[in-house]
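# Working through the structure, step by step
Each chain, written out:
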Amino acid sequence: GMVRNQVKKIETLQNHYEFHRDRIVPLWQQTVQAARTAYAADQVTVLELLTPQRQLWKAESVLQHHLAEYWSAVAELEAVVGTNLELPSAVEEKP
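In this report, we go over the structure that sits alongside the text.

Cut-off values and rules
Residues numbered from 1 in each chain as written. Predicted model: local features only at pLDDT ≥ 70, side-chain atom pairs only at ≥ 80, totals over all residues. Heavy atoms only, no water. Salt bridge = Lys/Arg side-chain N within 4 Å of Asp/Glu carboxyl O. Helix = DSSP H or I, 4+ residues; strand = E, 2+ residues; numbered from the N terminus. Buried < 20%, exposed > 50% of the residue type's maximum accessible area, 1.4 Å probe, protein only. Core = buried A, V, L, I, M, F, W, Y, C linked by side-chain atoms within 4.5 Å. Contact = heavy atoms within 4.5 Å.

### What about the pattern of salt bridges?
Tallied over the full model, the rule gives 2 salt bridges. We note a salt bridge from E76 to K9, for which the minimum N-O separation is 3.6 Å. Placement of the pair is E76 in helix α2 (residues 46–81) and K9 in helix α1 (residues 2–40), with a sequence separation of 67 residues. Among the residues examined, E76 registers a relative accessible area of 35% and is labelled partly exposed. What makes K9 partly exposed here is its relative accessible area of 35%. Among the ionic pairs, R21 bridges to D22, the shortest N-O distance being 2.7 Å. Taking relative accessible area as the criterion, D22 reaches 32% and is therefore assigned partly exposed.

### Looking at the nonpolar core
In terms of nonpolar packing, the biggest core is built from 7 residues, these being Y17, V25, V32, L56, A59, L63 and L67. Contributing elements (two or more residues each) for this core: α1 and α2. At 4 residues, the largest contribution of residues to this core is made by α2. Core analysis: the second largest hydrophobic core is formed by 6 residues, I10, Y70, V74 and L77 among them.

### Concerning the side chain of H20
Note that H20 resides in helix α1. Setting aside anything within four residues of it in sequence, one finds H20 in contact with V25, P26, V62, L63 and H66.

And the structure:
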């Protein structure tokens, strides 16, 4: 019932976090770097430089939102089961 649903929610949030951490944010980081290189070579405008940077900031914001939601869901599960689960670092930030 309730515990199973909460565990599923935690797993889903972990997957969302990891997808953004491992795929979305690095993609925008690469795009920003390419835009910087193109800007330095006078191949793009300032707007074309700033647009990917803005998207990177949005992706990083979504990443942090998923992390906060994950830990909130863990806390909710701990409240339901009445103990600290001492989960291993299931969601770890990569440098």
